[in-house]
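# Per-entry structural report
The residues making up each chain are set out below.
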Amino acid sequence: MAQIMLKNIEKRFKQEKVIEGLDLTIEDGSFTVLVGPSGCGKSTTLRMIAGLEQQSDGQIWIGDRCVNGIEPGKRNVAMVFQNYALYPMMTVKENIEFGLVNRKMPKAEREKVIREITEIVGLADYLHKKPQALSGGQRQRVALARAMVKSPAVFLMDEPLSNLDAKLRSQMRTELIQLHKRLGATFVFVTHDQVEAMSMGDRIVIMDKGRIQQADSPMQIYDDPDNLFTAQFIGTPPMNIVTRSKAVEAWDYQVDESVHHIGFRPEKAVMTMDKKAAVGKLHIPARIVTRETLGAEIIYQLESTVGTFYVKSFLKPLETAVEVNVSVSYTDLFYFGQDGQRVRALEPTEVQERLVIAGGGYA
Amino acid sequence: MTLWSRLRPYVMVAPSIAIFSIFFIYPIFYMIYLSFFNWDFINPVKEFVGLDNFTELFRNNEFLQVLSNTLNYTLLTVSLSIVISLFLAIWLNREGTWYGIVQGALFSPHIISLVSVSLVWMWLMDPQFGLLNWLLQLVGLPKLEWLSSPDSSLLSLVLVAVWKGVGYNALIFIAGLQSIPKDMYEASALDEANRLRTFYKITLPMLSPTLFFLIIINLISSFQVFETIAIMTKGGPVNSTNTLVFYIYEYGFRYFKIGYASAAGVVLLVVVGLLTLVYFKLLSRKVHYQ
Amino acid sequence: MPIEQRPLLKVLHYLGMVLLMAAFVIPFLWMISTSLKSYAETVIFPPKWIPSKIMWSNFTAAWESGPFLKYFMNSVVVSISILLLQFTTIILAAYAFARYRFKGGNLLFGITMVTLMIPGQLIFLPVYLLMSKWGLLNTLFALILPFSSSAFGIFMLRQSFKQVQEELIEAARLDEAPEWKIILKIMVPMARPTLVTFALFSFIAHWNDYFWPLVMTTTDAARTLPIGISKLREVDGGAAWHILMAGNMILVIPILIVFSLAQRHIIKAFVYSGVK
């Protein structure tokens, strides 16, 4: 079917390497999101899959053929662009039809396909309008319909939602997820928005500086980040990170030399007025600086001897400028080495913790 | 990359490049080549004469007069046309139907054939029955000889050229004026600058790219004046309106002195080439303020 | 502007506008008036504006004084052929210059830019010799071929092709559109305003052209309307102003009608191409 394989891809613009040693397999029928900061190479990767950009080195496979040197139109892929790239001089119908005519599909069949697709995306009433007469959301649908009529094995989407307002964007997100289920095709979706990535993808590929940082399911990435970059990129607010030296100094926290950073998620921290450290927990005295109320949850910014960090809480709001104690379970700590990679072997596990309790060391 | 996709750009530009090379680039070199020969166009043998054609040109009083006519005509036409059109542009740069109509009328000679313009003006300037002399009489001035006297013939041609050219120049100036940001004028008004100062300190500098562009293209086109002369005066009376291109035309097609005419053509080439060069030189030094 | 507040200036302002208008309209009115007069009425002084008898026959006299149908058809064939050929050549070349990177591309574009600066008045002599060598003098080919591409057109069109957003072309490539279809269905419609501008420009220039046909023709076979009209001076030793002006009307009226209908567009076209 249409599994996509990128093998040892390299991309140079002039002398500059923007992508290096990229290996990636995108499963058939998956909804894969490429996410990362701007300039990380995600769009270039997508464009290389489409054939709009030629890789400098390596192979790209779509299904069971290597598509190196195959024209974009012949790769059995369709693309939705950020600015939709609708042909302004053609009507909605002509826009959707253009690819089919180029494929020399007979007229009767064409009409049928267009009718079906425009029913699905709800454009039936707009067929004879020009794109300029449509709203942003409707243009988005035309772009989708134009991709769908060709019934490609792969849909490539380059930040297709970024030009929509917030409400429409979340609506389109849901619709895209449903569409993916319905079509069963492979979706590759590029975004710089981690919330979009988390909410849409069944697989997320995080990229930075032309390299893949981690490729996993959303929850796996969140719960078990491979490295510092991933840990900080996913999650709002990002994971709190403290250097080992500060932790040693401020909290008298003992940890192996090979660990350079210690991190914990804002929602794993609990604020208490208790002055005493609880069993199996890291104890951080801090002061609330700001409070951001998001409805169900509240994000606090706190000031401590190791610097600023965030705590997310679902309880009723606390006053600012209040001295509190923050406690974090040792099992909720993440360790990262000098190169930013996780040092899983040294992290406290539940087993170790139970041993500590049994020994009654801290009691 | 397939062979075709590599060849495609060349194939696409080939027709145009072929036309440019055959009909524009190559003839320049051919003309330079011919200027070193004595040839009457019929004789199969071209006689090499080195620089003789050029020395003959510059010893020939007729040619020197032609050069001075051309220069006088060009300088007069361009300076008058630029000054008048700049004045008209500043005056007529307003919104409103009437200004649109006047601008349209000003522009209309630009799209009309030089043949028509020449014929109408010949008739207007007719010494006996022409409208211009009638108008002169109406305001109590003496009749003029216009094209019939060597004293006024070149000036008459300048008048026609200015009449034909000011509309186009003025509209380009207006486009230039409209691209000057309004806030500059507001700032200058707040600084209590008077009108003349505002003109010298803001309008003129901001307009300099347009001004410069117009001066150069007017110089180049005036230097090649041909149609009005061919139709209205044929270079006369007594050579008073004979200009460079008309001279080349006559020596080429009436006297069949191809080498000699080519040498005169090379002189034109040098002048046009220099003006073009100045244009690009100054353009790259940017006369822009934006 | 304070003009509106100062009565004297205001009067001067409107008086100036009227005089200015007159300077540009009266020559045309004079032409129309003369074209409808009898010979006798053209040679009276002071002149009469309204002819006592409208002489429509001047037009037939002008038309029949030479092979004017031939001239007219030649003008039409030349201007239209030039326009069609130019469209073909400049669209292809402008697309290549705008969208492809190829070895020597800059040099070839340089040739185009140099051509842009070479006027016909400079090279008519050598081109005449070439045409005569090829036996093309006194044929329409001599009038059409040198202008079957336009450096100016390529320059203008390349600019507007470059402004078409890249994604549009990429979308078309993903839609399996072959290159020629991208040009015809995407680029050309996108550059329509530029093409209309250029068409107006080119048509008016070649319809009006006097110099080139004069140089390249010595017989009526390939002469165009402007040459034919200028030949009217030979009727009655050049004194037949009523016939001359009638002939002139034939040349001017079509252009003036087009101008009055599309004045704004034409002015914009010419100003735009001048400013660029």
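Residues numbered from 1 in each chain as written. Chains lettered and ligands numbered in written order. Predicted model: local features only at pLDDT ≥ 70, side-chain atom pairs only at ≥ 80, totals over all residues. Heavy atoms only, no water.

## Examining the overall build of chain B
- Each helix and strand counted, chain B has twelve helices and two strands in total.
- Along the chain direction, N to C, the helices and strands of chain B fall in the order α-β-β-α-α-α-α-α-α-α-α-α-α-α.
- Residues classed as buried in chain B amount to 56% of the 290 residues present.
- If you take every contact in chain B between residues at least 6 apart in sequence, the share linking residues at least 24 apart comes to 67%.
- Summed over its atoms, the accessible surface of chain B is roughly 13,600 Å², and 67% of this surface lies on carbon and sulfur atoms.
- For chain B, the separation between the mean place of its 17 positive charges and that of its 15 negative charges on side chains is 9 Å. (Helix = DSSP H or I, 4+ residues; strand = E, 2+ residues; numbered from the N terminus. Buried < 20%, exposed > 50% of the residue type's maximum accessible area, 1.4 Å probe, protein only. Contact = heavy atoms within 4.5 Å. Areas by Shrake-Rupley, 256 points an atom, 1.4 Å probe, with all protein chains shown as cover. Lys, Arg positive; Asp, Glu negative; His and termini not counted. Charge placed at Lys NZ, Arg CZ, Asp CG, Glu CD.)

## Looking at the overall build of chain C
- Counting secondary structure elements, chain C contains 15 helices and zero strands.
- For 276 residues, the compact-globule estimate of 2.2 N^0.38 gives 19 Å, and chain C exceeds it by more than 25% at 24 Å.
- Each principal axis of the C-alpha distribution contributes one length, and for chain C these read about 75 × 65 × 35 Å.
- Across the 276 residues in chain C, those meeting the buried criterion constitute 56%.
- Considering only residue pairs separated by 6 or more positions, chain C has 71% of its internal contacts joining residues 24 or more positions apart.
- For chain C, the computed accessible surface area is about 12,100 Å², with 68% contributed by carbon and sulfur atoms.
- Put simply, chain C has 22 plus and 13 minus side-chain charges, and the middle of one group is 5 Å from the middle of the other. (Rg over C-alpha atoms; globule rule 2.2 N^0.38 Å.)

## A few points about the sheet that holds strand β5 (residues 65-66) of chain A
Residue and element names in this part refer to chain A.
- The sheet built from four strands is open, its strands ordered β2-β1-β4-β5 with antiparallel pairing. Across the chains shown, the open sheet's two edge strands, defined by having one partner strand only, are β2 (16-26) and β5.
- Two strands pair when backbone bridges link them, and strand β1 (residues 4-13) and strand β4 (residues 57-62) are joined in this way by five bridges, in the antiparallel orientation. What sits directly across from Met5, in β4, is Trp61. (Pairing = 2+ DSSP bridges.)

## Description of the interface of chain C and chain A
- On the side of chain A, 24 residues touch chain C, which itself brings 17 residues to the contact.
- Summed over both sides, the interface between chain C and chain A buries roughly 1,800 Å², with carbon and sulfur atoms accounting for 58% of that surface.
- Taken together, the connections running from chain C to chain A amount to four salt bridges.
- Here Lys150(A) and Asp175(C) are joined by a salt bridge, their closest N and O atoms 2.6 Å apart.
- Counting the contacts that link chain C with chain A gives twelve residue pairs in polar contact (both at pLDDT 80 or more).
- Mapped onto the side of chain C that touches chain A, the elements with two or more residues apiece are α9 (166-174) and α10 (179-190) of chain C.
- With seven residues, α9(C) is the largest single contributor of residues to the side of chain C that touches chain A. (Buried area = accessible area lost by both parts, 1.4 Å probe. Salt bridge = Lys/Arg side-chain N within 4 Å of Asp/Glu carboxyl O. Polar contact = N/O pair within 3.5 Å; in protein donor to acceptor, adjacent residues only side chain to side chain.)

## Examining the sheet that holds strand β18 (residues 334-336) of chain A
Residue and element names in this part refer to chain A.
- Pairing is antiparallel across the open sheet formed by three strands, whose spatial order is β11-β12-β18. Either end of the sheet is taken by a strand with one partner, and the two such strands are β11 (240-243) and β18. Taking each pair of neighbouring strands and ignoring which way they run, the sheet shows an average axis angle of 25°.
- Relative to strand β12 (residues 261-264), β11 runs antiparallel, the two sharing four bridges. (Axes fitted to C-alpha atoms, helices over the stretch in contact; angles between N-to-C directions.)

## Some points on the side chain of Asp209(C)
- Among the secondary structure elements, Asp209(C) is positioned in the loop between α11 (192-208) and α12 (211-216).
- Summary of buried charges: Asp209(C) has no salt-bridge partner, and the nearest side chain of opposite charge, Lys164(B), is 11 Å away.
- The residues contacting Asp209(C), other than those within four sequence positions of it, are Thr224(C) and Pro226(C).

## Description of the UniProt feature "transmembrane region" (unreviewed entry) in chain B
Residues and elements named next belong to chain B.
- Here, UniProt's "transmembrane region" (unreviewed entry) annotation points to residues 12-33, 73-92, 104-124, 154-177, 198-220 and 258-280.
- The distance from the first to the last C-alpha atom of residues 198-220 is 31 Å, and the span holds 100% helix and 0% strand.
- Helix makes up 100% of residues 258-280 and strand 0%, whereas the separation of the span's terminal C-alpha atoms amounts to 32 Å. (UniProt positions renumbered as here; feature names shortened; annotations may be inferred.)

## Some remarks on the packing of helix α3 (residues 107-121) of chain A against helix α4 (residues 136-148) of chain A
All names here are of chain A.
- Where α3 contacts α4, the axes come no closer than 10 Å and their chain directions differ by 140°. Regarding α3 and α4, the two cross each other, and that crossing is right-handed. Residue-level inspection shows Ile117, Ile120 and Val121 of α3 in contact with α4, the latter providing Arg141, Ala145 and Met148.
- Each residue belonging to the contact of α3 with α4 can be placed in one class, and the counts come to five nonpolar, no polar and one charged. (Left-handed = near helix turned anticlockwise from the far one by under 90°. Nonpolar A, V, L, I, M, F, W, Y, C, P; charged D, E, K, R; others polar.)

## Side note on the arrangement of the chains
- Once contacts are tallied for each of the two pairs of chains in contact, the highest total is for chains B and C.
- Regarding chain A and chain B, the two do not touch, and the least distance separating their C-alpha atoms is 8 Å.

## Quick look at the nonpolar core
- Core analysis: the biggest nonpolar cluster contains 223 residues, and Phe124(C) and Met216(C) have the highest contact counts within it.
- Counting residues per element, this core draws most heavily on helix α7 (residues 153-178) of chain B, at 15 residues.
- Beyond its immediate stretch of four places on either side in the chain, Phe124(C) contacts Val245(B), Ile248(B), Tyr249(B), Phe253(B), Phe211(C), Trp212(C), Val215(C) and Met216(C).
- Core analysis: the second largest hydrophobic core is formed by 43 residues, Val35(A), Ile96(A), Ala145(A) and Leu161(A) among them. (Core = buried A, V, L, I, M, F, W, Y, C linked by side-chain atoms within 4.5 Å.)

## Quick look at the side chain of Thr112(C)
- Structurally, the position occupied by Thr112(C) is in helix α5 (residues 105-116).
- Filtering out sequence-adjacent residues up to four positions away, Thr112(C) remains in contact with Ile17(B), Phe20(B), Phe97(C), Ala151(C) and Ile154(C).

## Details of the UniProt feature "transmembrane region" (unreviewed entry) in chain C
All names here are of chain C.
- In this structure's numbering, the residues bearing the UniProt feature "transmembrane region" (unreviewed entry) are residues 12-32, 71-95, 107-130, 136-157, 190-207 and 239-262.
- Within residues 71-95, the helical portion is 100% and the strand portion 0%, while the C-alpha atoms at the span's ends are 36 Å from each other.
- Between the end C-alpha atoms of residues 136-157 there is a gap of 31 Å, over a span that is 55% helix and 0% strand.

## Things to note about the interface of chain C and chain B
- Facing 92 residues of chain C, the contacting portion of chain B comprises 86 residues.
- The junction of chain C with chain B conceals about 8,100 Å² of combined surface from both sides, 79% of it contributed by carbon and sulfur atoms.
- Across the chain C-chain B interface, the total number found is zero salt bridges.
- Inspection of the chain C/chain B interface yields twelve residue pairs in polar contact (both at pLDDT 80 or more).
- No other element matches helix α1 (residues 7-35) of chain C, which puts 13 residues into the side of chain C that touches chain B.
- The class makeup of the residues in the side of chain C that touches chain B is 70 nonpolar, 17 polar and five charged.

## Considering the environment of Arg173(A)
Residues and elements named next belong to chain A.
- Within the secondary structure, Arg173 is located in helix α5 (residues 166-183).
- Residues Arg173 and Leu333, spaced 160 residues apart in sequence, show a C-alpha to C-alpha distance of 33 Å.
- Residue contacts for Arg173: discarding those within four places in its chain leaves Leu161, Asp193, Val195, Glu196, Ser199 and Met200.

## Description of the confidence of the model for chain C
All names here are of chain C.
- Here chain C averages 88 in pLDDT, and 95% of its residues register 70 or above.
- Looking across chain C, the model is least confident in helix α15 (residues 263-275), with a mean pLDDT of 72, and most confident in helix α7 (residues 140-144), with 95.
- Complex prediction metrics read pTM 0.84 and ipTM 0.88. (pLDDT = per-residue confidence, 0-100.)

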